[in-house]
Number of protein chains: 2
Amino acid sequence: MAVGPIEELEKTFLQYVKKIKTYEEALALIYWDLRTGAPKKGVEQRAEVIGVLSGEVFAMQTSKEMGELIERLMPYKGNLSEVTAKTLEECKKQYERSKKIPPADYEAYTVLVSKAESVWEEAKAKADFNLFRPYLEQIVGYKKKFVQYWGYDGNPYNTLLDLYEPGITVDVLDKVFQQVKEAIVPLVHKINASKEKPRTDFLFKTFPKEKQKAFTLKILEQMGFDFNAGRLDETVHPFATCINQGDVRITTRYDEKDWRVDVFGVMHEGGHALYEQHISKGLSGTPLAEGASMGIHESQSLFYENIIGRSYAFWKKNYALLKQYASGQFDDVPLGEFYRAVNEAKPSLIRIEADMLTYSLHIMVRYEIEKALFNDEISVKDLPVIWNEKYGEYLGVRPQNDGEGVLQDVHWAGGDFGYFPSYALGMMYAAQFKQAMLKDLPDFDGLVAKGDLQPIREWLTEHVHRFGKMKKPAEILRDATGEELNAQYLIDYLTEKFTDVYRLQ
Amino acid sequence: MAVGPIEELEKTFLQYVKKIKTYEEALALIYWDLRTGAPKKGVEQRAEVIGVLSGEVFAMQTSKEMGELIERLMPYKGNLSEVTAKTLEECKKQYERSKKIPPADYEAYTVLVSKAESVWEEAKAKADFNLFRPYLEQIVGYKKKFVQYWGYDGNPYNTLLDLYEPGITVDVLDKVFQQVKEAIVPLVHKINASKEKPRTDFLFKTFPKEKQKAFTLKILEQMGFDFNAGRLDETVHPFATCINQGDVRITTRYDEKDWRVDVFGVMHEGGHALYEQHISKGLSGTPLAEGASMGIHESQSLFYENIIGRSYAFWKKNYALLKQYASGQFDDVPLGEFYRAVNEAKPSLIRIEADMLTYSLHIMVRYEIEKALFNDEISVKDLPVIWNEKYGEYLGVRPQNDGEGVLQDVHWAGGDFGYFPSYALGMMYAAQFKQAMLKDLPDFDGLVAKGDLQPIREWLTEHVHRFGKMKKPAEILRDATGEELNAQYLIDYLTEKFTDVYRLQ
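How each quantity is defined
Residue positions within a chain follow its written sequence, with the count starting from 1. Chain letters start at A and ligand numbers start at 1, both assigned in the order the entries are written. Whole-chain, interface and lining totals are the exception, using all residues; otherwise, since this is a predicted model, local features are given only for residues with pLDDT of at least 70 and side-chain atom pairs are given and counted only at 80 or more. With hydrogens and water excluded, all non-hydrogen atoms of the structure serve as input to the side-chain values. UniProt positions are given in the numbering used here, feature names are shortened, and annotations may be inferred rather than shown by experiment. By nonpolar core is meant a set of buried Ala, Val, Leu, Ile, Met, Phe, Trp, Tyr and Cys residues that side-chain atoms within 4.5 Å join together. Here the term buried applies to any residue with accessible area under 20% of the maximum for its type, exposed to any over 50%, and partly exposed to those in between, with areas from a 1.4 Å probe on protein chains only. Where helices and strands are cited, they refer to DSSP runs of H or I of at least four residues and of E of at least two residues respectively, numbered from the N terminus. By the convention used here, residues are in contact when the closest approach between their heavy atoms is within 4.5 Å. Fitting a line to C-alpha atoms yields each axis, with helices limited to the stretch in contact; the angle taken between N-to-C directions then spans 0 to 180 degrees. An angle counts as roughly parallel when it lies under 35 degrees, as roughly antiparallel when it exceeds 145, as roughly perpendicular when it falls between 65 and 115, and as oblique in every other case. Classification used: nonpolar for Ala, Val, Leu, Ile, Met, Phe, Trp, Tyr, Cys and Pro, charged for Asp, Glu, Lys and Arg, polar for all others including Gly. Residues reaching a pLDDT of at least 70 in both copies supply the C-alpha atoms on which the copies are superposed by least squares. Only four residue types enter the tally: Lys and Arg on the positive side, Asp and Glu on the negative side; His and the chain ends are excluded. Just to be clear on terms, a salt bridge is a Lys or Arg side-chain nitrogen sitting within 4 Å of an Asp or Glu carboxyl oxygen. Whenever two N or O atoms come within 3.5 Å, that pair is a polar contact, provided that in protein one can donate a hydrogen and the other can accept it, and provided that, for residues adjacent in sequence, both atoms are side-chain atoms. For patches, a residue must show more than 30% relative accessible area and have no salt bridge; joins then use 9 Å for like charges and 5 Å for nonpolar side chains, namely Val, Leu, Ile, Met, Phe, Trp and Tyr. Residue-level accessible areas treat just the shown protein chains as cover; the underlying method is Shrake-Rupley with a 1.4 Å probe. For the purpose of locating charges, the reference atoms are NZ of Lys, CZ of Arg, CG of Asp and CD of Glu. Throughout, buried area stands for the accessible area (probe radius 1.4 Å) lost by two parts on being put together, summed over both. It is the directions from the helix axis to the C-beta atoms whose arc is reported. Note that the domain bounds reflect an automated or database-derived domain assignment.

- Named according to an unreviewed UniProt entry, chain A is Metal-dependent carboxypeptidase originating from Weizmannia acidilactici.
- Entered under Catalytic activity (unreviewed entry) in the UniProt record, the comment concerning chain A runs "Release of a C-terminal amino acid with broad specificity, except for -Pro."
- Under Function (unreviewed entry), UniProt gives the following word-for-word description of chain A: "Broad specificity carboxypetidase that releases amino acids sequentially from the C-terminus, including neutral, aromatic, polar and basic residues."

Remarks on the nonpolar core
All names here are of chain A.
Next up, step 1: Among the nonpolar cores identified, the biggest contains 143 residues, and Trp259, Phe303, Ile308, Trp315, Phe338, Phe433 and Ile456 are the most heavily contacted of them.
Next up, step 2: Top contributing element to this core by residue count: helix 16 (residues 420-440), with 12 residues.
Next up, step 3: Not counting residues within four places of it along the chain, the set of residues in contact with phenylalanine 338 comprises Phe202, Trp259, Trp315, Tyr319, Leu322, Phe330 and Val333.

Here we look at the packing of helix 1 (residues 5-35) of chain A against helix 2 (residues 43-61) of chain B
Next up, step 1: Axis separation between helix 1 of chain A and helix 2 of chain B bottoms out at 9 Å; the angle between their running directions is 100°. In terms of orientation, helix 1 of chain A lies roughly perpendicular with respect to helix 2 of chain B. Taken together, the residues of helix 2 of chain B that come into contact with helix 1 of chain A (itself represented by Lys18, Lys19, Thr22, Tyr23, Glu25, Ala26 and Leu29 of chain A) are Gln45, Arg46, Glu48, Val49, Val52, Leu53 and Glu56 of chain B.
Next up, step 2: Partitioning the contact of helix 1 of chain A with helix 2 of chain B into residue classes produces 6 nonpolar, 2 polar and 6 charged.

Details of the UniProt feature "binding site: Zn(2+)" (unreviewed entry) in chain A
Residues and elements named next belong to chain A.
Next up, step 1: Within this structure's numbering, the places UniProt gives as "binding site: Zn(2+)" (unreviewed entry) are His268, His272 and Glu298. Considering the C-alpha atoms alone, the annotated residues occupy 31 residues of sequence yet fold into one spot, their largest mutual distance being 8.6 Å.
Next up, step 2: Its place among the elements puts histidine 268 in helix 10 (residues 260-277).
Next up, step 3: For histidine 268, a relative accessible area of 11% gives the class buried.
Next up, step 4: With residues up to four places along the chain from it excluded, the contact list for histidine 268 reads Glu298, Ser301, Leu302 and Glu305.
Next up, step 5: When you line up the elements, glutamate 298 lands in helix 11 (residues 294-308).

Describing the relation of the copies chain A and chain B
Next up, step 1: By a simple turn and slide, chain A fits onto chain B: the slide is 0.0 Å along the axis, the RMSD is 0.0 Å, and the turn is 180°. Here the symmetry operator amounts to a two-fold rotation axis. When C-alpha positions in chain A are compared against the rotation axis, the closest is assigned to alanine 26 of chain A, at 3.4 Å.
Next up, step 2: Most of the interface of chain A is mirrored in chain B: 100% of its interface residues are interface residues there too.

Description of the side chain of aspartate 262 of chain B
Residue and element names in this part refer to chain B.
Next up, step 1: With respect to the helices and strands, the residue aspartate 262 is situated in helix 10 (residues 260-277).
Next up, step 2: Buried charged residue aspartate 262 carries no salt bridge. Nearest counter-charge: lysine 213, at 9.4 Å.
Next up, step 3: Among the polar contacts made by the side chain of aspartate 262, one reaches the side chain of threonine 252 at a distance of 2.8 Å.
Next up, step 4: Aspartate 262 has contacts with Gln212, Lys213, Thr216, Thr252, Arg253 and Tyr254, leaving out every residue within four places of it along the chain.

So, a negative patch on the surface
Next up, step 1: Taken together, the side chains of Glu210 and Glu256 of chain A together with Glu210 and Glu256 of chain B make up a negatively charged region of the molecular surface.
Next up, step 2: Glutamate 256 of chain A gets classed as partly exposed once you look at its relative accessible area, which sits at 35%.

Observations regarding the interface of chain A and chain B
Frequently, the measure chosen for interface size is the accessible area removed from exposure when the parts meet.
Next up, step 1: Listed by partner, the interface residues are 35 residues for chain A and 35 residues for chain B.
Next up, step 2: Ranking the residues of chain A by area buried against chain B places Pro39, Lys41 and Asn228 of chain A at the top, with a combined share of 18%.
Next up, step 3: Connecting chain A to chain B are 12 salt bridges.
Next up, step 4: For the pair chain A and chain B, the number of links is 25 residue pairs in polar contact (both at pLDDT 80 or more).
Next up, step 5: Among the secondary structure elements, those contributing two or more residues to the side of chain A that touches chain B are helix 1, helix 2 (43-61), strand 1 (230-234), strand 2 (240-244) and strand 3 (247-252) of chain A.
Next up, step 6: Ranked by residue count, the leading element in the side of chain A that touches chain B is helix 1 of chain A, at 10 residues.
Next up, step 7: Its residues assigned to classes, the side of chain A that touches chain B shows 13 nonpolar, 9 polar and 13 charged.

With respect to helix 19 (residues 473-481) of chain B
All names here are of chain B.
Next up, step 1: All of the buried residues in helix 19 are Pro473, Ile476, Leu477, Ala480 and Thr481. One side of helix 19 holds all its buried residues, which, seen down the axis, span an arc of 95°.
Next up, step 2: Residues of helix 19 that are buried make contact with helix 11 (294-308), helix 16 (420-440) and helix 18 (454-463).
Next up, step 3: With its phi angle positive at about 80°, glycine 482 sits one or two positions after the end of helix 19.

Notes on the domain arrangement of chain A
Residue and element names in this part refer to chain A.
Next up, step 1: Under the domain assignment, chain A is made up of domain 1 (1-99) and domain 2 (109-205 + 271-505).
Next up, step 2: Using C-alpha coordinates to define each centre, domain 1 is positioned 30 Å away from domain 2.
Next up, step 3: On the domain 2 side, the residues contacting the 11 residues of domain 1 number 14 residues.
Next up, step 4: Both sides of the domain 1 and domain 2 interface together cover about 1200 Å² of buried area, and 60% of this is carbon and sulfur.
Next up, step 5: By the criterion of area lost to domain 2, the three top residues of domain 1 are Lys21, Glu90 and Arg97, representing 45% of everything that side buries.

Shown next as structure tokens:
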């Protein structure tokens, strides 16, 4: 059977793309290993391996060969399989994004960012923004330059948002964040004023690590995590990583004085992992075998951590089991009281310690600052003051110093502007998915209370997981829920939950 | 400061060599991961990563660029640093060895070997040599052809021996094996006839895995294993692997009914690891940062496992500690009886289960067969008969079937002819090193009995470890002990030990 020249070209292209993926797989394993127990004396040399392999990935993504393959295949895009066509688009986007930055700028930026992270660490430890400020100014400078190279539509900040959440814009975010702010800020104030605070002392008794682990494994099993296609390990800053589609690893940290770190952390990372484990195998070996976006990914982790993991139904099923593994700390605590405790909401200074109610407000602070920076409305030097003002306004708390204020996150030191909104979008998406899911699975709570999470996981696979990057985030949302992004679902969800937990009526 | 063209060339060469090493490091990590818990559904895809990265390594080792670098640098070998010069030699050897095999032969051989291993597995399980025979015949055929391509000195088998033990020859092995055989076979017969067999029943009581592990870690500490430059994990078939010089990992298997598997296994792998951890850092990034040979490597593992680990002095120090971790199984067992038990010697059919006395005899069977095969004195079809006869003659036991006879080892299925002698050489080297060490550390037993293993490790680093592949095995032996390979030290060591254990006088 004769094979036409296009078929040959397509084959060459897919092989080339697959080769890039094999390098990325080796890198993913190296990163996992570094974060789960690689001996420290081997780390410096391992960094060189990362350098060489990452260099090869970048070289392949931007090679003359890649450029030619894209150029020669583009005219035939309509004749290619859908997977190849989308892969081609992804590669083109990546190729052009890299090619538009002059190599000298890119190199200088890379060096800058690699230095900035350790300066940020020091600045944070010393709570001294001025230490970090010159680096941040340069990073913002480069990012503004990059936006010019890349071009933008409507608002310069859109180009940065698109890096993490393809298709999302300032227009959309302004609208939904405004809506959330208007509903949540008053709710937070009511909660602060409420006399019906949940009792939480019993959460912080000693819960031995091995027992936590045994309980956590039961929960992962209930979630349908496939242990033949993944594993659970310990680390300092927990994460999930897809090494390949049959090998999705999650990690956790055990705090013997706060079992929630492990249990809700694992449900969160497990949600990420279920996504990766259920992306269609037909996308394997292409850049499409990944989550659609940061925000969609976060919607899956938050769905399991919050919508399932912090629901009354979930603990109706699992509280007795938890008690079996714990050493008596919950013996005198009725389920209702326990449920309220794991849903405690309290305005705080630190984003990563925030509860689900106030979390969006932390994100809005960052969003508004980033947007203003990239529209030249504020300067880096003003950030500490603006930060503290916004925390006061939205959360009613004020950092004592920059270490617990503007310096708390690593993202800016890494040049990751446009990233934060995805976290908040994740919870909006999750609430919207939940609402749509209820049409197909009206007895959602009943399923959770039985520990029968399979139909829920199947619904998510059917509507979200399997598509990988074949669809844009907005497309997934629209096809799964029948409408555009609608923050009202999150607002309703939070209002209902916290009205109940804090007995606001 | 001007840099001459040779310096430039040397730099390019070393960078190229280092790049190969970084790929090998990624591969080593992948192999370690596959053998210590990688989820099984990810394995198939991981095999493709191995294929791509190994392919790159082979391509670089045999590239035109490598060929040119070697050719251009060779005339200046005398002007290069010793490390570069030796690296150049290693690369040249590798390059020529690969280039001399016609690609078509190499490819056919690779395919053959990859199939042969699973056929061997089936044949072993069914104890049916005829299943495996056609594959073995072809493998031997290719290996004979390769020897012709590579050329040989004196005996065709020498070329195969050189792959694992550079410089060793049939002449040397014939002599030492004859000497060992003459001394050991009668000793084995005396032991078999002895009425003074050690009691061993207490070895096989339940010893919980976690307790074994805790004891093992204490022993590794005593050995001076650097946990900042290595780690201990679980696996099915234990091994040690140097991922880089600051990251040398060992593995073990826990048998709750036989703690020796773990403890002596870890001392063995720990001996390999100490070697790698103490190779001079100046060799890093070159192919010289490895053990000098299979045999020298094995000498280090056997030194720790047998010469230290099965000595009376070692257990004088550690028996009480072992009892602390065990659950009473040794309570009524005096040290002397325990010592005899861990030195039990008994002719058996299976090499990997053999004790240190009879181990060399298992190797001799294989050596004599391989030598005869590659000198066209016997054919593959005759192997089962010859195997069984030799086991009868040397060990006084006869396999009931080929599964426990000629099919027991995987080596031939992988084309690894010439490999086995290194195992026996390892123990000869170890005994000879011990003898030389006694001149510098006359109170060897006193040190071991105090748990002060540092001077011993330092002696081995000084005379063996630090050189990596900078010296040939024979050179290391000569420089460290002042003489050529001398099997008499092993014979004396074994005679003394087993005369004592079996009360032969």
